[in-house]
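Fold and contact review
Next come the chains, spelled out residue by residue.
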Amino acid sequence: MNKISFPVFTEFVEKITTETSLSINKCFDTNIVNKRKKCDGTIVTDVDLNTEHFIREQIELSYPSHGIVGEELANKEKSAESIWIIDPIDGTFSFARGIPLFGTLIGYLYNDYPAYGCMRLPKLGNDLLVGDNDSCLLNGIKTECSPFVSWDESLILTTDEKSISQSSIASNWQRLKKREAQFRTWGDCYGYYLLCTGKADAMLDIDLKPFDILPLIPILKGAGLSIVDFSKKKDFTSIVACKPEIEQEFAQLLIS
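Report follows, based on the coordinates. No experiment lies behind these values; they were computed from the predicted model shown.

**Let's talk about the sheet that holds strand β3 (residues 67–70)**
- Read from one edge of the open sheet, 7 strands run β3-β4-β5-β6-β7-β8-β9, paired in mixed fashion. At either margin of the open sheet sits one strand with a lone partner, and together these are β3 and β9 (141–142).
- Bridging between strand β6 (residues 113–121) and strand β7 (residues 127–131) involves 5 bridges; their strand directions are antiparallel. For C118, the partnering residue across the bridge sits in β7 and is V130.
- The strands that helix α2 (residues 46–62) touches are β3, β4 (82–90) and β5 (103–110); relative to β4, the one it contacts most, it runs at about 155°.

Following this line, the structure appears as structure tokens:
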């Protein structure tokens with residue numbers, strides 16, 4: 001099975017996320033979301049389900065032999081060389097509360113490695129970020145992280161500080177917070193968007209699910225960011241994405 005090219009991936013995800021953004025925004029603007037809790041305690045809405053169903057349909061029409069892994073629906077052919085991974089609404093908690101800091105994530109794995117990724121932000125100008133580990137495009141224009149200046153001018157992000165404070169790296173996080181940096185919980189894919197566009201310096205997340213992070217890896221690397229993977233299985237489920245100048249400091253803080 002041949003690997004699809006990055007331009008083909010980009011054209012495909014741009015088209016289908018243009019469609020999904022229209023329906024997502026309509027439901028967001030009218031507050032018709034019908035939210036409920038899943039068995040793991042996280043929130044799901046009809047919009048999550050309908051969006052993932054549409055994306056899966058488009059993938060199956062164009063690439064019937066490819067595997068599909070999504071947050072809400074059953075996996076298909078996980079053993080395939082080419083696998084698509086979908087998070088229809090990354091940041092459902094924000095979406096369900098009328099907060100516009102959410103996005104749609106689609107990734108393409110080849111031989112189990114994140115080859116390409118897409119982040120669409122329906123309520124933030126409908127911006128589209130795509131990456132292939134070597135480059136990152138924002139609405140078709142190359143974008144990259146900004147240079148690190150100093151800790152006292154830096155911005156460090158996370159999605160859920162409460163979870164970190166109750167985790168095995170709680171003491172590591174507290175040591176990090178002694179730095180003179182600014183810390184904010186602008187999380188989910190929005191935080192990684194800030195990193196890729198030069199507005200933040202690092203983001204730390206733990207206990208991520210594959211569809212939360214794998215579509216983002218090619219985008220982050222393509223924007224020139226470093227990934228410190230401190231998960232036990234080295235599967236990107238607990239990471240720091242940061243500017244290259246501070247990669248070693250995070251590695252020493254979290255791994256050594």
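Let us keep going from here.
**A word on the pattern of salt bridges**
- This model, assessed by the stated rule, comprises 5 salt bridges.
- Between R56 and E52 there is a salt bridge whose closest N-O contact spans 2.9 Å. Of this pair, R56 and E52 both sit in helix α2, 4 residues apart, which is roughly one turn of the helix. For the pair shown, R56 and E52 are each scored as buried.
- The residue K243 makes a salt bridge to D201 at a minimum N-O spacing of 2.8 Å. Placement of the pair is K243 in the loop between β14 (239–242) and α9 (247–254) and D201 in the loop between α6 (188–196) and β12 (202–205), with a sequence separation of 42 residues.

**Quick notes on α2**
- In a regular helix each residue adds 1.5 Å, so 17 residues correspond to 24 Å; α2 covers 25 Å between its end C-alpha atoms and thus fits that length.
- Within α2, burial applies to V47, D48, T51, E52, I55, R56 and I59. Down the axis of α2, the buried side of the element spans an arc of 160°, and every buried residue falls inside it. Of the exposed residues in α2, the ones pointing more than 90 degrees away from its buried face are N50 and L61.
- Considering only its buried residues, α2 is in contact with α1 (6–30), β2 (43–44), β3, β4, α3 (92–96) and β5.

**What to know about the packing of aromatic side chains**
- For the coordinates displayed, the defined rule picks out 16 aromatic pairs.
- Ring plane angle 80° and centroid distance 5.7 Å describe the contact between W173 and F183, whose orientation is recorded as edge-to-face. Residue W173 is found in helix α5 (residues 170–177), and its partner F183 is found in strand β11 (residues 182–184); the two are separated by 10 residues along the sequence.
- Owing to a relative accessible area of 16%, F183 belongs among the buried residues under this scheme.
- Grouping aromatic residues by their ring pairs yields a cluster made of F6, F9, F12, Y63, W84, Y108 and Y116.
- Residue placement shows K177 over the ring face of F183; its charged tip is 5.7 Å from the ring centre.
- One Lys or Arg, R179, reaches over the ring of W151 and ends 4.5 Å from the middle of that ring.

**With respect to the sheet that holds strand β13 (residues 226–229)**
- Spatial ordering of the open sheet is given by β11-β10-β12-β14-β13, a layout of 5 strands whose pairing is mixed. Either end of the sheet is taken by a strand with one partner, and the two such strands are β11 and β13. Ignoring strand direction, the axes of neighbouring strands in this sheet form an average angle of 20°.
- Relative to β14, β12 is paired through 4 bridges, and the arrangement is antiparallel. Of the residues in β14, the one forming a bridge with D205 is I239.
- Contacting β10 (155–158), β11 and β12, α5 crosses the sheet at an angle of about 135° to β11.
- The strands touched by α9 within the sheet are β10, β12, β13 and β14, with β13 carrying the most contacts at an inclination of about 5°.

**Some details on unusual backbone geometry**
- You will see that N133, though not glycine, has its phi angle at about 80°, which is positive.
- As for its position among the elements, N133 is in the loop between β7 and β8 (136–138).
- Positive phi, normally seen in glycine, also occurs at D188, with a value near 55°.
- Here D188 shows up in helix α6.
- Judged by relative accessible area, which is 23%, D188 ranks as partly exposed.

Procedures and definitions
Residues numbered from 1 in each chain as written. Predicted model: local features only at pLDDT ≥ 70, side-chain atom pairs only at ≥ 80, totals over all residues. Heavy atoms only, no water. Pairing = 2+ DSSP bridges. Helix = DSSP H or I, 4+ residues; strand = E, 2+ residues; numbered from the N terminus. Contact = heavy atoms within 4.5 Å. Axes fitted to C-alpha atoms, helices over the stretch in contact; angles between N-to-C directions. Salt bridge = Lys/Arg side-chain N within 4 Å of Asp/Glu carboxyl O. Buried < 20%, exposed > 50% of the residue type's maximum accessible area, 1.4 Å probe, protein only. Expected span 1.5 Å × (residues − 1). Arc of directions from axis to C-beta. Phe/Tyr/Trp six-rings, centres within 6.5 Å; stacked < 30°, edge-to-face > 60°. Lys NZ or Arg CZ within 6 Å of the ring centre and 35° of its normal.

That's the geometry; what it means functionally is another story.
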